Each structure stands twice: as C-alpha cells, then as structure tokens.
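The primary structure of each chain is shown beneath.
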Amino acid sequence: MAQPPTPPRATGYARTQFMMVKIPVVADVDDLYHQREDRIDQALKAKGLGTVIGWGDSLGEARGGRSRRVAYTRVDLDVVEVEAARAELQAVLAAIGTPAGTEIHYSRDGVSVADVFAPPDWQIAQPMLHGVRDR
C-alpha cells in the first residue's frame, strides 16, 4: 500500500504578502526621527495585520545638473491580509497627517495597484506601471 503524502511541516508563521507605502516628502514638513514608520508598525501589529520590515528615502529626478533631493519615503510592509491592512493603513495614514499623493501599493489578482490619498478620500486600486502610477 502506498503511503499518504506527508503534509508540509508547519512553520508557525502565517502566510504573508508584501505591501509598500510611498509618502511624498513635503518641503518644511519634517519627520526627522521617522515617527510615521513607527506609528504604521504599531497600528498593524496592534491588530495582528503585519509589520514594517524596512523603510528608506528615495531621490527624485535630477534638476538642472544639481543634486537630487529626497522625493519620498518608502515603507515596506509584510502583511497577513491585504484588504484588512489597506483599511488600517488608510485610517492611520490619514490620522498621522500624511500628505496628499501618499500611495499604498499592493497586488490584486497579480496586477500592481495603489490606493492614492486625495484628502479627504482615497482613490482606490489605481493602475501602476512598473511601480509608477499610470496617469
């Protein structure tokens, strides 16, 4: 008699998905100690939805031969459930005063999309091309 297949060994970890928040840097509005990332992490962890796995500043385009300025902060997330994490992110990002144009990136049916903050509302599931919003 054939042996039944051995089930995969449980790791104790929930299956997770990658998401990213892109926060525009606004002149004269400083988050010197990166408190936003901490607030996002606390909000996700409090509801068991995921965690911040990293963050960093990204440069904008070069302007007239001058050095490039920081254009936005990227916050990388590991989440358990995308839809619940999106709802929590929308609430916490609005509450902590992130600027218009903040984006929550995720994948829906294998397609890259983003929710874009246009205060007081969010534009939901906007198409993305290679990580850039399709305008």
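Each remark here, short or long, concerns the structure printed above.
Being a predicted model, the structure only gives us computed values, none of them experimental.

Engineer: For the side chain of T102, give the residues involved together with the corresponding values.
Structural biologist: Relative to the helices and strands, T102 is located in the loop between α2 (82-95) and β4 (103-108). A distance of 2.7 Å separates a polar side-chain atom of T102 from the backbone oxygen of P99. Excluding anything up to four places from it in sequence, T102 contacts V21, K22, I23, P24, L93, D115, V116, F117 and W122.

Engineer: Tell me about the pattern of salt bridges, and please be specific about residues and values.
Structural biologist: Across all of its chains, the model carries six salt bridges by this definition. One salt bridge in this structure joins D76 and R74, with 2.6 Å as the shortest N-O distance. Between E83 and R108 there is a salt bridge whose closest N-O contact spans 3.4 Å. Of this pair, E83 sits in helix α2 while R108 sits in strand β4; the two residues are 25 residues apart in sequence, bridging distant segments of the chain. With relative accessibility at 38%, the residue E83 sits in the partly exposed group.

Engineer: Break down the environment of M128 for me, citing the residues and quoting the values.
Structural biologist: Tracing the sequence through the fold places M128 in strand β6 (residues 121-129). Given the relative accessible area of 7%, M128 is considered buried. When the C-alpha positions of M128 and Y106 are compared, they lie 9.8 Å apart, and in sequence the two are 22 residues distant.

Engineer: How would you sum up α2? Please name residues and give values.
Structural biologist: The end-to-end C-alpha distance of α2, which contains 14 residues, comes to 20 Å, matching closely the 20 Å that a straight helix rising 1.5 Å per residue would cover. Turning to α2, its buried residues are V82, A85, R86, E88, L89, Q90, V92 and L93. Packing partners of the buried residues in α2 comprise β1 (17-24), α1 (35-46), β3 (70-79), β4, β5 (111-118) and β6. Structurally, the start of α2 carries an N-cap: the backbone nitrogen of E83 is 3.3 Å from a side-chain oxygen of E81. At the exit of α2 stands G97, carrying a positive phi of roughly 75°.

About the thresholds
Residues numbered from 1 in each chain as written. Predicted model: local features only at pLDDT ≥ 70, side-chain atom pairs only at ≥ 80, totals over all residues. Heavy atoms only, no water. Helix = DSSP H or I, 4+ residues; strand = E, 2+ residues; numbered from the N terminus. Polar contact = N/O pair within 3.5 Å; in protein donor to acceptor, adjacent residues only side chain to side chain. Contact = heavy atoms within 4.5 Å. Salt bridge = Lys/Arg side-chain N within 4 Å of Asp/Glu carboxyl O. Buried < 20%, exposed > 50% of the residue type's maximum accessible area, 1.4 Å probe, protein only. Expected span 1.5 Å × (residues − 1).

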